[in-house]
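Each chain is listed here by its residues.
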Amino acid sequence: MTLSPDLVFSLEIGAVAAVAAILGSMLGLGGGVFLVPILTLFFGIDPKFAVGASAVVVVTNSVVGSTNHLRIRFTNPRLAMLLQIATATGAIAGALYGVVADPRVIYGVFGAVLVYAAVSMVARRERTVTAPPPDTPDPLRLGAAYRDPAIRAEVGYIPVKPGWGLGVGAGAGVISGMLGVGGGVVMVPAMNLLMRVPVKAAVGTSTFMVGITSVATAFVFYSQGFIDPTLVVPAIIGVFLGGQIGSRLTRRIRAQRLALLFALILLYLGASLLLRAFGIAMPGQA
Amino acid sequence: MATDDIEITGAEPIEVETAILAARTERLTPLYDAAVKTFVWGFRIGAALLALGVAVALLKGEPLGREADPIAAVLGEVLAGNASGVIDLAILWFMLTPVAATIVAAVSFWRLGDRRYAALSLTVLAILGVSIALALNR
């Protein structure tokens, strides 16, 4: 029995997407950060089709992931809707540029984002956010609370500096629109470090937001014919399965212990993309 | 101390503040429930459409197109029984699920009397509308 080339290609894309999702899930970065570089560097796929596929995959991932975060109230809907205005607008702008941009620009920006993610992973320090003092102003009523099962206590917080959040959100949206990643790689640290949102609430809110941000991206790429079902279908299936495996592995393995290894993978992919921006392909790449 | 229709007395200031924030979050329960239902059914229906499309493609030996059909043509492809149409519909269904969640958020905020965040949700919806309009005009 021989498999048709189309089926072999789909299985390969599905497997790669699963690996991307496992890595992304363990790092809390989402699958898109790994999916686009692997598709472009190792399969020689046009970056615009890879970005289009990734945007749809990120939407699907968010649809699945948001459910749990909403149930346990890690998602802050008010904060999400406020920041979403900036990220969705940025995503449309980024996507409109992305569909006409020289691929070398996409390689270069993506490479820089991956190097940043690698460096911040090694240097990552989660700020401990304490309950807000009674006099913390909350004119936008963004404050919320959730029950943290790890400490078996209610955690209340009031996000600060919403203006800064909007600014960073717009930048994250542009990156998301250009590169097809969710933007969580920027938004989670921004919410945690800048707005003093506890990391669990930042992740929950970001997971909800990236779906809406990526919708804005995906429709722009759809409008230009950059959504290829032969990539999107196996990628959705692979990312869904990989995400399930990744979340189980995360419970058993402390991903932070593997931070250096993951950072090296990100650095390798980032450096490869930066070199590709100058027309240089590393050995073993398409 | 009375805020958000609850009254808490006899607690430390920080605990009081957290209790108020917890009560405020609890008031959003209808929004959380509606959003969860939207995502759950959005995923279930999208996954079912995707599985159906892949099954039809395998049974009919129909290769998938290298480009999704324009939105206006998708329904015609589905009615013609083409796998590519069903798969395009599944992809669009997944893409529309967060849009539906945004509508749900706007309606829920409105019903809860939170006009500011209902308006913000509608603004997000309008921004997404720009992107969708681009795809419709392909």
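My aim in this report is to walk through the structure given alongside it, one point at a time. (Residues numbered from 1 in each chain as written. Chains lettered and ligands numbered in written order. Predicted model: local features only at pLDDT ≥ 70, side-chain atom pairs only at ≥ 80, totals over all residues. Heavy atoms only, no water.)

When helices and strands are counted, chain B shows 5 helices and 2 strands. When the elements of chain B are put in sequence order from the N terminus, they spell out β-β-α-α-α-α-α. Expressed as a percentage of its 138 residues, the buried residues of chain B come to 45%. Of the contacts made within chain B by residues no fewer than 6 positions apart, 52% connect residues no fewer than 24 positions apart. Accessible area for chain B stands at about 6,800 Å²; split by element, carbon and sulfur atoms hold 65% of it. (Helix = DSSP H or I, 4+ residues; strand = E, 2+ residues; numbered from the N terminus. Buried < 20%, exposed > 50% of the residue type's maximum accessible area, 1.4 Å probe, protein only. Contact = heavy atoms within 4.5 Å. Areas by Shrake-Rupley, 256 points an atom, 1.4 Å probe, with all protein chains shown as cover.)

Turning our attention to the packing of helix H4 (residues 77–98) of chain A against helix H4 (residues 83–111) of chain B. Look at H4 of chain A against H4 of chain B: their axes get within 12 Å of each other, and the N-to-C directions meet at 120°. Taken together, the axes of H4 of chain A and H4 of chain B are oblique relative to one another. Along this stretch, H4 of chain A crosses H4 of chain B, giving a crossing that reads as left-handed. For the pair H4 of chain A and H4 of chain B, the contacting residues are Pro-77, Arg-78 and Met-81 of chain A in the first and Thr-102, Ala-105 and Phe-109 of chain B in the second. (Axes fitted to C-alpha atoms, helices over the stretch in contact; angles between N-to-C directions. Parallel < 35°, antiparallel > 145°, perpendicular 65-115°, else oblique. Left-handed = near helix turned anticlockwise from the far one by under 90°.)

Time to look at the environment of Ile-13 of chain A. Residue and element names in this part refer to chain A. Here Ile-13 is to be found in helix H1 (residues 5–27). Classification of Ile-13 by relative accessible area gives buried; the value is 0%. Spatially, the C-alpha atom of Ile-13 lies 7.9 Å from that of Leu-39, the residues being 26 residues apart in sequence. When sequence neighbours within four positions are dropped, the list of residues in contact with Ile-13 reads Leu-39, Phe-43, Ile-45, Leu-231, Pro-234 and Ala-235.

Across the contact, 62 residues belong to chain B and 62 residues belong to chain A. Summing both partners gives a buried area of about 5,300 Å² for chain B against chain A, and 74% of it is carried by carbon and sulfur. Of all residues in chain B, Tyr-32, Arg-66 and Met-95 of chain B bury the most surface against chain A, accounting for 13% of the area lost on that side. Across the chain B-chain A interface, the total number found is 2 salt bridges. Close ionic contact of Asp-114 of chain B with Arg-78 of chain A constitutes a salt bridge, the shortest N to O distance being 2.8 Å. The tally of links between chain B and chain A comes to 12 residue pairs in polar contact (both at pLDDT 80 or more). (Buried area = accessible area lost by both parts, 1.4 Å probe. Salt bridge = Lys/Arg side-chain N within 4 Å of Asp/Glu carboxyl O. Polar contact = N/O pair within 3.5 Å; in protein donor to acceptor, adjacent residues only side chain to side chain.)

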